[in-house]
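Spelled out, the chains give:
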Amino acid sequence: MSSATQVPSPKVRPPEERAARRFAPPPLVLFLGTRLLRGVLVMFLLSIIAFGLVHMLPGNSVDLLAGPYSTPEVRAQLTRDLGLDGPLIEQYTHWLGNVLRGDFGISVFNGQPVRTLIADRLPNTLELAIAATIVSIAWGVPFGAIAAMKRGRFFDRVARSATFLGLATPVFAFGVALVLFASMVMPSWPTLGWVPFTADPVRNVQALVLPALALGLPLGSTICRYMRASMLEVYEQDYMRTALATGSTRLQATVRHGLRNASGPVVTIAGLQLAGMVGQSILIENVFAIPGIGQLTVTSILQKDYAAAQACILLLGGVFVVMNLVVDLFYPLINPKVGGLR
Amino acid sequence: MKGRPVADTADPAAPDGADGDPSGPVLAIRNLTIGYGTGAPSVRGVDLSVRSGEIVGLIGESGSGKSSVALGCLGLLPKAAEVTADELTICGTDVLAADERTLTRMRGDSVAMVFQDAMGALDPSMRIGNQIAEVVTRHRGVKRAEARAVVRELLDKVGVPEPDRRARQYPHQLSGGLRQRAAVALALAGDPALLLADEPTTALDVTVQAGILELFRTVRDEFGVGIVLISHDIGVIAQTADRVAVMLDGEIVEHGGVEEVLLEPKTEYTRMLLRSVPHLDRPRDEPESRPVAGKPLYVVDDVSRTYRSRGRLIHAVQGVSLDVREGEVLGVVGESGSGKSTLAKMLVHLERPDSGRLTMSEPGHRAGGSGGGRAGRLRRRVQMVFQHPAGSLNPRLRVGTSVREPLAASDTGAKAAAERVREVLREVGLPEDSAARLPDEFSGGQKQRIAIARAIVGDPRVVVLDEPTSALDVSVQAQVLDLLSKIQRAENLTYVFISHDLAVVRAISDRVAVMYAGRLVELADAASLFEAPAHWYTRELLAAMPSPDPRDRPERPERRPRAGQAESGQAESGQGEEAAAPAGCAFASRCPAAEDNCRTVRPEPVELEPGRVVACHHPAGMEGR
């Protein structure tokens, strides 16, 4: 065994070893660095898929733009104008280069830069996503924890039935049901239509409530279930017994030792759920007529608007990657073993 | 709670019960019964009393209800439990009558508990110091800033070195021994009068265990705490307890002073329990002389195995050479992390060595860098029995199917195979109809018999037994050891018997190899190794074994609980990653005989006298040679 290959143990390190290790990157940096690199790689693969997928769709924007009675000359001219004449690989590298510079191209249908289209709609989608996240966590985490504390009691049974309902109902059906319910109970409440925050903050928030509930409650149901299961597992652990045996009340033990240890799996699943929410928002934006990224994605794919569709797919994937990175950032805070915090 | 008088413990055989005891017991139990539903109660009519400053040992095998008694004292039994007692008081608090608030105040304040698994008992996501401080602030009414000083003092008292640094660490950063010490500090944080310790050393290595038991004695004497020490290990009780109660099937069958119970047991059950305990000075009972000096059958030549774990290299096994002789039982002992299990896995080719060779001295059974086919053939000649019988048997397969599996690799016909399965099941002492049943229907000892049957069904030459009895109760362990000896003689098998328990190894082995930090440090025939150990590590191991005879107790003030330092050092070197001593002897930091050359030059294993290999510059008892 050569001493060069040996790395000191993590527990007690005599000073001379600490010196030998001085230039190694801290484990936390290493941990997050690898995650970041992985995210970049995923984005690159996603760009290929986004490009390929859109170009594999039947029909193309030239046919749609030029109409069925156009001459081949017109179509050839259009193809050249839109930059669709070279080999696909060339088109891809050209597109990727522009994307890296922040240029997503121009929408063939309304002639606006795709960047502007996205910039107009992204705030609305983000607002919806954040509101729905708050709804889902506010409903999922505490109710899951309380259900676990009161396992088998009335509260637990109600919470479990409610989450089952939330999981079983499709988001759009839930949205429609909410609209009907709201218009019956509070006819004056604005159920459909969107008002930007900048135009009228109060009416914006009013318009936000129902879609946020429609999107957040079903997702919160999943979080609630995981929270409950995770808490029940934690209750079985010896350290909870230790806490009780040293005079904590059940509530103190839950708050001080339970929640944090139970939150690991919940953070993982919540991260994935919230990333998936952007996809779900496509449905909700249609139900509530919100001009957001979801709507843009659907229309641009239907219209074979290559530039816009590619940008939207890339954006949706990017949200996934970023959400996963955020989740990874949370792990070292929850579990001191990850990232070798010492 | 402060200033409580320390009761005199002059009369160790004090009668149970509160009556007539001037100092008043910290725990008084009369006629405690704990039942679940309609079944027979798991605890029946238990009487127990503990006074300040005494350790009461509670011995019993698994399922005897000893842990239920402890949880009952805390009022922490599951809600389904029906608890009745004529008296159940802790420091005068009636546990059964108390409301939840009184119980909460009592827990930690008057009574605290130490669990078997300190890793599980400490919150993994919270620094040690904060966990202890939480209890300190709750029970001593001090501010957080002052609590810090109390925590430091507590950690220091339980023998945790560098308490300030340790207080900032998480449980996973401590070694097993330090973790248990931290758990004891946590239990003492509320300054309780009664400490319930449920198998507190069972998960620890024997040298670490000695330090923790010493700690309990210190806690008794310095804090004046009454301790209930629950253990299945009679040695632990014999070396630590003042009084002893023996539990069987939920009842206390015998109680009294430790010498009284363990030296002159009155009940047949206690006598049986004591008989089952393997003794260090009780060698393998040999009917006749056996050919111990058989020719080498399985030669292990300079084998190494390194794991990479999260960027760190773990040298699990380093340069181990030994020969397994035909027809012998070779014991392999060592602490957790000494590499003995990795060696076992390489012996049965579940792991491939990074370097070195394993050679079976039979034509066509050469391995070590061999292909899958040859490894497969070798596996049939070498079989393995694992520690946890329940985990090594597929719960969905009928016993007969599991046992027959090794035969599928050979060309045994269905009929012959079924006959052979019946034969081995009979041989291991299981009923005829076992083959058609599922593993769940068998007890732990019977499951291990099934595992043994599966190992021998294909007529192997060598059976590797990895801690085959450490998950079993002591009486069952004795039976399984007997069975193993019987089978070995009947089938002319060769065993490699791996265990952390020296007494068990002593009871079955012809020769013994001692491993430390991935290396072989001593190899000798059992008699000379146990009577005159040459390596200092072997000596330390032997000295740390708690003797089941209470008269062997160490003189009390001999050692203070400073052992924590050694434990933390050991946690590292024991893991086979002793980077701290890149060149020297891995044991040098703990060795009483270490000199300068021990830290710079690694001692190679040399044959000191015929049949005795020692890796030490200054072997003990060899000065005259």
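Computed from a predicted structure; not experimentally measured.

Novice: How do you make sense of the pattern of salt bridges when you look at a structure like this?
Specialist: As a working rule, side chains carrying opposite charge can pair if their charged atoms are close by. All names here are of chain B. Throughout the structure, instances matching the rule amount to 38 salt bridges over all chains. Residue Asp 323 pairs with Arg 511 through a salt bridge whose shortest N-O separation is 4.0 Å. With Asp 323 in strand 13 (residues 312-325) and Arg 511 in strand 19 (residues 511-516), the pair connects residues that are 188 residues apart, well separated along the chain. Across the salt bridge formed by Arg 590 and Glu 540, the nearest N and O atoms sit 2.7 Å from each other. Here Arg 590 is found in the loop between helix 22 (564-573) and helix 23 (596-600), whereas its partner Glu 540 is found in helix 21 (residues 536-544), with 50 residues between them in sequence. Bridged by salt links that share partners, the residues Asp 323, Arg 325, Glu 328 and Arg 511 form one connected network.

Novice: Before we go on, may I ask you to explain the packing of aromatic side chains in this structure?
Specialist: The description of an aromatic ring pair uses the distance of the two centres, along with the angle that the planes make with each other. Counted according to the given criterion, the structure contains 8 aromatic pairs over all chains. Here B:Tyr516 and B:Phe587 contribute two aromatic rings whose centre-to-centre distance is 5.2 Å and whose plane-to-plane angle is 80°, an arrangement assigned as edge-to-face. Here B:Tyr516, found in strand 19, pairs with B:Phe587, found in the loop between helix 22 and helix 23; they are 71 residues apart in sequence, far enough to count as distant. An identical accessibility class is assigned to B:Tyr516 and B:Phe587; each is buried. On the numbers, 5.3 Å between centres and 70° between planes, the contact of B:Tyr537 with B:Phe587 is edge-to-face. In this pair, B:Tyr537 sits in helix 21 while B:Phe587 sits in the loop between helix 22 and helix 23, placing the two residues 50 residues apart along the sequence. Here B:Tyr537 and B:Phe587 have matching classes, each one buried. Feature note: the residues A:Phe51, A:Tyr92 and A:Trp95 constitute an aromatic cluster, connected by ring pairs. Directly above the ring of A:Tyr235 sits A:Arg250, whose terminal nitrogen or CZ lies 4.5 Å from the centroid.

Novice: Mind showing me how you'd approach the domain arrangement of chain B here?
Specialist: As a measure of interface size, the accessible area lost when the parts come together is often cited. Residues and elements named next belong to chain B. What the domain assignment reports for chain B is domain 1 (1-110 + 192-277), domain 2 (117-190) and domain 3 (296-540). Spacing between the C-alpha centres of domain 1 and domain 3 amounts to 38 Å. With 8 residues of domain 1 at the interface, the matching set in domain 3 holds 7 residues. For the pairing of domain 1 and domain 3, the buried interface totals around 870 Å² over both sides, and the portion due to carbon and sulfur atoms is 52%. For the interface between domain 1 and domain 3, the tally reads 4 residue pairs in polar contact (both at pLDDT 80 or more).

Novice: I would appreciate a short explanation of the sheet that holds strand 9 (residues 226-231) of chain B in the present structure.
Specialist: By definition, the strands of a sheet pair up through backbone hydrogen bonds, in either a parallel or an antiparallel sense. All names here are of chain B. Across the sheet, 6 strands lie side by side as 7-8-9-3-10-11; this open sheet has mixed pairing. The sheet is open, and its two borders are formed by strand 7 (111-114) and strand 11 (251-257), each paired with just one other strand. Direction aside, neighbouring strands of the sheet carry axes that sit 15° apart on average. Sheet topology note: the strand 3 (residues 55-60)/strand 10 (residues 243-248) ladder contains 5 bridges and is parallel. In the sheet register, Leu 58 faces strand 10, and the bridge partner there is Ala 245.

Novice: Would you mind showing me how to read the packing of helix 11 (residues 268-276) of chain B against helix 18 (residues 474-491) of chain B here?
Specialist: Each pair of packed helices can be described by the angle between their axes along with the distance between the axes. Residues and elements named next belong to chain B. The interhelical angle for the contact between helix 11 and helix 18, taken along N-to-C directions, is 50°, at an axis separation of 8 Å. Comparing their axes, helix 18 and helix 11 come out oblique. For the element pair helix 11 and helix 18, the recorded crossing hand is left-handed. Residues Met 272, Leu 273 and Ser 276 of helix 11 form the contact with helix 18, whose own contacting residues are Val 474, Ser 475 and Ala 478.

Novice: Sorry if this is basic, but what is going on with a nonpolar patch on the surface here?
Specialist: All names here are of chain A. Residues Leu 41, Phe 44, Leu 45, Ile 48, Ile 49, Leu 53 and Met 56 make up a contiguous nonpolar surface patch of about 690 Å² in total accessible area. Here Leu 53 shows up in helix 2 (residues 27-56). Given the relative accessible area of 44%, Leu 53 is considered partly exposed.

Novice: Would you mind showing me how to read the sheet that holds strand 14 (residues 329-333) of chain B here?
Specialist: All names here are of chain B. The strand order across the open sheet built from 8 strands is 16-17-18-14-19-20-22-21, with neighbouring strands paired in mixed fashion. Edge positions in the open sheet fall to strand 16 (382-385) and strand 21 (606-609), since each of these has one partner strand only. Averaged over all neighbouring strand pairs, the angle between strand axes comes to 25°, with direction disregarded. Bridge count for strand 14 against strand 18 (residues 494-499) is 5 bridges, and the pairing is parallel. By the bridge assignment for strand 18, Val 332 is matched with Ile 498. On top of the sheet, helix 21 reaches strand 19 and strand 20 (519-525); it is set at about 100° to strand 19, its chief contact.

Rules behind the numbers
- Residues numbered from 1 in each chain as written.
- Chains lettered and ligands numbered in written order.
- Predicted model: local features only at pLDDT ≥ 70, side-chain atom pairs only at ≥ 80, totals over all residues.
- Heavy atoms only, no water.
- Salt bridge = Lys/Arg side-chain N within 4 Å of Asp/Glu carboxyl O.
- Helix = DSSP H or I, 4+ residues; strand = E, 2+ residues; numbered from the N terminus.
- Phe/Tyr/Trp six-rings, centres within 6.5 Å; stacked < 30°, edge-to-face > 60°.
- Buried < 20%, exposed > 50% of the residue type's maximum accessible area, 1.4 Å probe, protein only.
- Lys NZ or Arg CZ within 6 Å of the ring centre and 35° of its normal.
- Domains from an automatic or database assignment.
- Contact = heavy atoms within 4.5 Å.
- Buried area = accessible area lost by both parts, 1.4 Å probe.
- Polar contact = N/O pair within 3.5 Å; in protein donor to acceptor, adjacent residues only side chain to side chain.
- Pairing = 2+ DSSP bridges.
- Axes fitted to C-alpha atoms, helices over the stretch in contact; angles between N-to-C directions.
- Parallel < 35°, antiparallel > 145°, perpendicular 65-115°, else oblique.
- Left-handed = near helix turned anticlockwise from the far one by under 90°.
- Patch = residues over 30% accessible without salt bridge, like charges linked within 9 Å, V, L, I, M, F, W, Y side chains within 5 Å.
- Areas by Shrake-Rupley, 256 points an atom, 1.4 Å probe, with all protein chains shown as cover.

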